[in-house]
Amino acid sequence: MAFEVRPTRDLDEFAAALLAIGQYFGMVPTEEAMQRFVDQMGLERMHGAWSNGAVVGGAGAFTFNLSVPGGDLPTAGVTVVGVYPTHRRRGVLRALMRVQLDDAHERGEPLAALWASEETIYGRFGYGLASFCGEISLPREYTTFAHAVDPEGTLRFLERDEVLGVVPPVFERIRTQWPGMFSRNRHWWEKRQVDDPEDRRQGAGPKRWVAYERDGAVEGYAVYRHKAGFEQGTTTAELRVLEALGATPEALRDIWGYLLAIDMLATVSSYLMPPDHPLFLLLATPRRMRYRMGDALWVRLVDVGPALSGRQYSADDSVIFDVVDDFCPWNEGRWKLADGVAERTNDDPDLKLPVQSLGSAFLGGVSFAALSRAGRIEELREGAVRRADALFGWDRHPWCPEIF
Ligand SMILES: CC(C)(COP(=O)(O)OP(=O)(O)OC[C@H]1O[C@@H](n2cnc3c(N)ncnc32)[C@H](O)[C@@H]1OP(=O)(O)O)[C@@H](O)C(=O)NCCC(=O)NCCS
């Protein structure tokens, strides 16, 4: 079946394309909500699929930068992908993905990244599972640290109108250290972070923002909600930590020390926590912290050369990849990565791999050894997997603290 896929041109078209995913979320397309989306994404980054004059699917992309090991790359932040249930399994998604990736390629975005609603969807379009994260839930009585330390800084509440001046600069500092974080422009901060409408609170109270300061400088922050509750005279309250980030290890430790010590709680919970979060090592009884891990970012190398040349590496070595990419054939073939730069080569490859595997390894969150054990790469020269891991490994797991 043929579909016309093109960017939306006005608010009505945008709303119809957004309502494709909206079908599955009970979305009420108010003009205000639609306008907020358009302001953030731009009409031209929402693709719609038309059949017989009606919109039958949509796929959007935010324009932002993603932090990568030692760098920051323009990225298509793929989101709100949906096909109307009347038109499923007829190739609408495939047509949308085709046009969207071609568009990212033309824009010069070396990467596309997304959070997947289902893990089975995006591999076929070249996305590889690049990081993991999990939800935590910790009973308040098991929040003691293994080694008691006095906080080095202080925490103070931020008024709502202070947040925009205080938090974004420290977030940006943190983002440069942590692969996997996307840049937030002012509109994003205002509408997605600071705005706090009732319908996004999920039964909990308003957002509380605290800043962590040391020697007169802001080094971190936390934003959280209280879900109050009492049963039989005892608190059943939950502290929901929406985001807690520190620019230094001390800041992150002290912020969590603060959150875990808040009185009159039964549970502290958070989500999107990376598997190497320091909390696992800070707690005296980490076994008490329930952790449910799942997939986080999926990364697609839209342009292998600029993507590989756009991050830093942990070793002074070279490796030659033979890349298989049937959905974006411009990436196919041999690439030599040497001195941090990837170029075409005719030399014999060290590793043969699908572009999905390169996406998995790109942020340093999945090792080539793990990919090899899963049968997702072919080692053509002995020792190549180990050498590639020495290059791509980073000192921390990628962390994307917000679903986009
Ligand atoms: C997922 C969704 C977008 C697929 O759209 P679609 O138009 O039916 O997909 P297509 O017909 O283009 O299918 C393309 C391929 O993906 C496969 N596929 C599609 N959806 C799939 C799913 N949910 N699970 C597994 N495979 C899926 C198809 O079988 C087809 O495989 P093939 O290439 O081997 O033939 C659509 O079902 C949907 O809107 N689902 C609910 C919302 C959602 O999950 N959106 C994703 C947000 S991240």
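Here the structure is a predicted model, which is why all the values come from computation and not from measurement.

Caption draft 1: Examining helix α9 (residues 355–362) more closely. With 8 of its 8 residues buried, α9 lies for the most part within the structure. Listing the buried residues of α9 in full gives Val355, Gln356, Ser357, Leu358, Gly359, Ser360, Ala361 and Phe362. Positive backbone phi, at 85°, marks Gly364, one or two positions downstream of α9.

Caption draft 2: How the structure looks around empty space enclosed by the protein. This model, assessed by the stated rule, comprises 1 cavity of 30 Å³ or more. Here the largest cavity is characterised by a volume of approximately 60 Å³. Around the largest cavity, the lining residues are Leu242, Glu243, Ala244, Leu245, Ser270, Tyr271, Leu272, Met273, Trp399 and Pro401. For the lining of the largest cavity, the secondary-structure elements that each account for two or more residues are β13 (238–246) and β14 (267–273). Considered class by class, the residues forming the lining of the largest cavity number 8 nonpolar, 1 polar and 1 charged.

Caption draft 3: Broad picture of the nonpolar core. One finds Leu301, Leu308, Phe321, Phe368 and Phe404 to be the most contacted residues of the largest nonpolar core, which totals 60 residues. Leave out the neighbours within four places in its chain, and Leu308 touches Leu301, Tyr313, Phe321, Leu337, Gly340, Ala342, Leu358, Phe362 and Phe392. Counting residues in hydrophobic clusters, the runner-up holds 42 residues, among them Val163, Tyr212, Leu259 and Leu260.

Caption draft 4: Molecular detail of the packing of helix α1 (residues 11–22) against helix α2 (residues 31–41). Running from N to C, α1 and α2 point in directions that differ by 95°, and their axes come no closer than 10 Å. By the angle between their axes, α1 is roughly perpendicular relative to α2. Residues Leu11, Phe14, Ala15 and Leu18 of α1 touch α2, and the partners they reach there are Glu31, Met34, Gln35, Phe37, Val38 and Met41. Of the residues belonging to the contact of α1 with α2, the class tally is 8 nonpolar, 1 polar and 1 charged.

Caption draft 5: Examining the site of the ligand more closely. Taken together, 19 residues sit near the ligand, with Val81, Arg89, Gly91, Arg94 and Ser117 positioned nearest. Within the backbone of Gly91, an N or O atom sits 2.8 Å from an oxygen atom of the ligand. At 3.0 Å, a side-chain N or O of Thr120 approaches a nitrogen atom of the ligand. Starting from 890 Å² of accessible surface for the ligand in isolation, the protein chains cover 75%. Among the elements of the structure, β4 (71–83) and α3 (92–107) are those that each provide at least two residues to the shell around the ligand. Here the shell around the ligand is composed, by residue class, of 9 nonpolar, 4 polar and 6 charged.

Caption draft 6: Here's a closer look at a positive patch on the surface. There is a patch of like positive charges on the surface, built from Arg88, Arg89, Arg94 and Arg124. Tracing the chain through its elements places Arg94 in helix α3.

Caption draft 7: The arrangement of the packing of aromatic side chains in detail. Inspection of the entire model under this criterion finds 18 aromatic pairs. Where Phe64 meets Phe182, the ring centres are 4.7 Å apart and the plane angle is 25°; that geometry is what we call stacked. Highlighted residues: Phe64 in strand β3 (residues 54–68) and Phe182 in the loop between α4 (160–175) and α5 (186–194), separated in sequence by 118 residues. For the pair shown, Phe64 and Phe182 are each scored as buried. Aromatic side chains Phe321 and Phe368 sit 5.9 Å apart centroid to centroid with 20° between the ring planes, which places their arrangement in the stacked category. With Phe321 in strand β17 (residues 318–324) and Phe368 in helix α10 (residues 368–373), the pair connects residues that are 47 residues apart, well separated along the chain. Accessibility assignment for this pair places Phe321 and Phe368 in one class, buried. Of the aromatic side chains, those joined through ring pairs into one cluster are Phe14, Phe37, Phe62, Phe64, Phe182, Trp188 and Phe404. The aromatic ring of Trp50 is capped on one face by Arg6, whose charged end is 3.9 Å from the ring centroid. Sitting above the plane of the Phe327 ring, Arg98 keeps its charged end 4.3 Å from the centroid.

Caption draft 8: Highlighting the pattern of salt bridges. In the structure shown here, the tally under the stated rule is 30 salt bridges. Asp103 is paired through a salt bridge with Arg107; the nearest N and O atoms lie 3.0 Å apart. Of this pair, Asp103 and Arg107 both sit in helix α3, 4 residues apart, roughly one helical turn. The buried category is assigned to Asp103, whose relative accessible area is 15%. The closest approach of N and O atoms between Glu152 and Arg253, which form a salt bridge, is 3.6 Å. Taken as a pair, Glu152 in the loop between β7 (132–139) and β8 (154–158) and Arg253 in helix α6 (residues 249–261) lie far apart in primary sequence, 101 residues in all.

Caption draft 9: Spatial organisation of unusual backbone geometry. Non-glycine residue Gln202 carries a positive phi angle of around 45°. Mapping Gln202 onto the fold places it in the loop between α5 and β9 (208–214). In this model, Leu272 sits at a positive phi of 60°, which is unusual for a non-glycine residue. Tracing the backbone through its elements, the reader meets Leu272 in strand β14. Classification of Leu272 by relative accessible area gives buried; the value is 5%.

Here is what the cut-offs are and how they apply
Residues numbered from 1 in each chain as written. Predicted model: local features only at pLDDT ≥ 70, side-chain atom pairs only at ≥ 80, totals over all residues. Heavy atoms only, no water. Buried < 20%, exposed > 50% of the residue type's maximum accessible area, 1.4 Å probe, protein only. Helix = DSSP H or I, 4+ residues; strand = E, 2+ residues; numbered from the N terminus. 1 Å grid on protein atoms, 1.4 Å probe; cavity = no way out; pocket = protein on both sides within 12 Å on 5 of 7 lines; lining within 4 Å. Points joined across faces, edges and corners; volume = space filled by probe spheres on them. Nonpolar A, V, L, I, M, F, W, Y, C, P; charged D, E, K, R; others polar. Core = buried A, V, L, I, M, F, W, Y, C linked by side-chain atoms within 4.5 Å. Contact = heavy atoms within 4.5 Å. Axes fitted to C-alpha atoms, helices over the stretch in contact; angles between N-to-C directions. Parallel < 35°, antiparallel > 145°, perpendicular 65-115°, else oblique. Near = heavy atom within 4 Å. Polar contact = N/O pair within 3.5 Å; in protein donor to acceptor, adjacent residues only side chain to side chain. Areas by Shrake-Rupley, 256 points an atom, 1.4 Å probe, with all protein chains shown as cover. Patch = residues over 30% accessible without salt bridge, like charges linked within 9 Å, V, L, I, M, F, W, Y side chains within 5 Å. Salt bridge = Lys/Arg side-chain N within 4 Å of Asp/Glu carboxyl O. Lys, Arg positive; Asp, Glu negative; His and termini not counted. Charge placed at Lys NZ, Arg CZ, Asp CG, Glu CD. Phe/Tyr/Trp six-rings, centres within 6.5 Å; stacked < 30°, edge-to-face > 60°. Lys NZ or Arg CZ within 6 Å of the ring centre and 35° of its normal.

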